[in-house]
Amino acid sequence: MSQPLANTIRFMVIFLGLLASFSLFAHGVDEGTKQFLAANQGVSILPFIYIGAKHMVTGYDHLLFLVGVIFFLYRTKDVLLYVSLFTIGHSITLLYGVFYDIQVNPYLIDAIIGFSIVYKGFDNLGGFKRVFGFQPNTKVAVMIFGLFHGFGLATKIQEFNLPKEGLMTNIIAFNVGVEIGQFLALGVVLIMMSFWRRHQSYLKFSTAANTLLMSGGLMLVGFQLTGYFTN
């Protein structure tokens, strides 16, 4: 194996491993954002777009899931289709959860989000066919898990008890920011994966990469369930 190729493989493995590790802190909100949300009154479109984008870019649980979703998608239209299904799902529950004050335990919803990562890695490895003898509808699964990811976003926003004045506009702006952040982060991931796909090692090491995804998801599930039972 050539040195450049070995370096590429090593970089991708480290990259996925870091995503797995950072997934434990995927829904953290920095102090500056906390202070702004607590003090904000009225419509603040640009700040909420920024907060939504930053939350998605640093939301490693969402990104891990999307990496799993697009891992074996080679055509642009397929990437757009699956990402759109995910976007529709999390937009529905984000808006619905905040507007109608649907309360979901943050530890449990984040554990489900972690499970979605495990699910997609297992699916990519052909686990359902080998273990259970059937293949679930991938499009439906992505949409359903998108709904849970949206509730995760809504749960974090609800913690700040935002004032009703301008709430609809602010949450829509936040959702727009989430989509912008998702687009930027996904663009970087696709560039990296496109580079890796030029080498035969992509398929050769696909098992290791998706095993890393499952490991990251399991770490997140364990972390969140521990928080649930200890709090």
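How each quantity is defined
Each residue is numbered by its place in its chain's sequence as written, counting from 1. Thresholds applied to this predicted model are a pLDDT of at least 70 for local features of residues and 80 or more for the giving and counting of side-chain atom pairs; totals over whole chains, interfaces and linings are not thresholded and use all residues. Side-chain metrics in this entry use all non-hydrogen atoms of the structure; hydrogen atoms and water are not considered. What counts as a helix is a DSSP run of H or I of at least four residues, what counts as a strand is a run of E of at least two, and both are numbered from the N terminus. Residues are treated as being in contact if the distance between any of their heavy atoms lies within 4.5 Å. Nonpolar core, defined: a set of buried Ala, Val, Leu, Ile, Met, Phe, Trp, Tyr and Cys residues in which side-chain atoms within 4.5 Å join the residues together. Working definition: with a 1.4 Å probe on protein chains only, accessible area under 20% of the residue-type maximum means buried, over 50% means exposed, and in between means partly exposed. Residues are called lining when one of their atoms sits within 4 Å of a cavity or pocket point, these points coming from a 1 Å grid over the protein atoms alone, where a cavity is a set in which a 1.4 Å probe fits but cannot get out and a pocket is an open set with protein on both sides within 12 Å along at least five of seven lines. Grid points are joined across faces, edges and corners, and a volume is the space filled by probe spheres set on the points. Centres within 6.5 Å are what make two rings of Phe, Tyr or Trp a pair, Trp counting through its six-membered ring; a difference in plane orientation under 30 degrees is then read as stacked, over 60 as edge-to-face, and the rest as tilted. Only residues whose relative accessible area exceeds 30% and that form no salt bridge are eligible for patches; like-charged ones are grouped when within 9 Å, while nonpolar side chains (Val, Leu, Ile, Met, Phe, Trp, Tyr) are grouped when within 5 Å. Note that accessible areas follow from Shrake-Rupley with a 1.4 Å probe, and for residues the cover is restricted to the protein chains shown. Counted as salt bridges are all cases of a side-chain nitrogen of Lys or Arg within 4 Å of a carboxyl oxygen of Asp or Glu. A score between 0 and 100, pLDDT records how confident the predictor is in each residue. Here an angle of 0 to 180 degrees is reported between the N-to-C directions of two axes, which are lines fitted to C-alpha atoms, with helices fitted over the stretch in contact. Oblique is the label for any angle not under 35 degrees, not over 145, and not in the 65 to 115 range, which are roughly parallel, roughly antiparallel and roughly perpendicular in turn. Less than a right angle of anticlockwise turn of the near helix away from the far helix marks a crossing as left-handed, whereas a clockwise turn marks it as right-handed.

**Considering the environment of L85**
Argument step 1. Here L85 is to be found in helix α5 (residues 76-99).
Argument step 2. Taking C-alpha positions, L85 is 5.1 Å from M143, a pair spaced 58 residues apart along the chain.
Argument step 3. Sequence-distant contacts of L85, defined by excluding residues within four places in its chain, comprise K139, V142 and M143.

**Some details on the nonpolar core**
Argument step 1. Of all hydrophobic cores here, the largest spans 27 residues; its most connected members are F65, V69, I70 and V142.
Argument step 2. Looking at this core, the elements with two or more residues in it are α4 (60-70), α5, α6 (106-124), α8 (138-158), α9 (167-196) and α11 (206-230).
Argument step 3. Here this core takes 6 residues from α4, the largest share from any one element.
Argument step 4. Once you skip the residues sitting within four places of it in the chain, V69 turns out to touch Y82, K120 and V142.

**Thoughts on unusual backbone geometry**
One can expect most non-glycine residues to show negative phi and most peptide bonds to be in trans.
Argument step 1. Positive phi, close to 50 degrees, is recorded for D101, a residue that is not glycine.
Argument step 2. As for its placement among the helices and strands, D101 is situated in the loop between α5 and α6.

**Points about the layout of surface pockets**
Remark: the empty space left among the atoms is shown by a probe the size of a water molecule rolled over them.
Argument step 1. Roughly 310 Å³ of internal volume is contained in the largest pocket.
Argument step 2. What lines the largest pocket is a set of 17 residues, among which V79, L80, V83, L186 and L190 lie closest to the centre.
Argument step 3. When contributions to the lining of the largest pocket are tallied by element, the ones reaching two or more residues are α5 and α9.
Argument step 4. When residues in the lining of the largest pocket are grouped by element, the largest group, 7 residues, is from α9.

**Topic: the packing of aromatic side chains**
Argument step 1. The full count for this structure, using the stated rule, is 17 aromatic pairs.
Argument step 2. A ring pair is formed by F128 and F132, whose centres lie 6.1 Å apart and whose planes are at 35 degrees; its orientation type is tilted. In this pair, F128 and F132 both sit in helix α7 (residues 127-132), 4 residues apart, roughly one turn of the helix.
Argument step 3. By relative accessible area, which is 9% here, F128 ends up buried.

**Quick word on a nonpolar patch on the surface**
Argument step 1. The grouping of V57, M168, I172, V176, I180, F183 and L184 at the surface amounts to a nonpolar patch, some 660 Å² of accessible area in total.
Argument step 2. Counting residues per element, the nonpolar patch draws most heavily on α9, at 6 residues.
Argument step 3. Inspection of the secondary structure assignment puts F183 in helix α9.

**With respect to the confidence of the model for the protein**
Argument step 1. Of all residues in the protein, 84% attain a pLDDT of 70 or more, and the chain-wide mean is 84.
Argument step 2. Across the protein, the element-wise mean pLDDT spans from 49 in helix α1 (residues 3-22) up to 95 in α6.
Argument step 3. Ignoring residues within four places in sequence, the model shows residues 19-27, a span with pLDDT below 50, making 31 contacts including any to other chains.

**With respect to the packing of α4 against α9**
Argument step 1. Interaxial distance between α4 and α9 falls to 11 Å at its minimum, and their mutual angle equals 45 degrees. Relative to α9, α4 is oriented oblique. Here the hand of the crossing between α4 and α9 comes out right-handed. Listed contacts from α9 to L63, L66, V67 and I70 of α4 are Q182, A185, L186, V189, L190 and M193.

**Considering the pattern of salt bridges**
Argument step 1. This model, assessed by the stated rule, comprises 2 salt bridges.
Argument step 2. We note a salt bridge from R75 to D78, for which the minimum N-O separation is 2.9 Å.
Argument step 3. Classification of R75 by relative accessible area gives partly exposed; the value is 49%.
Argument step 4. With its nearest N and O atoms 3.1 Å apart, the salt bridge here joins D123 to K120. Residue D123 and its partner K120 are both found in helix α6; the two are separated by 3 residues, about one turn of the helix.
Argument step 5. Residue classification places D123 among the buried residues on the basis of a relative accessible area of 9%.
Argument step 6. With a relative accessible area of 5%, K120 lands in the buried category.

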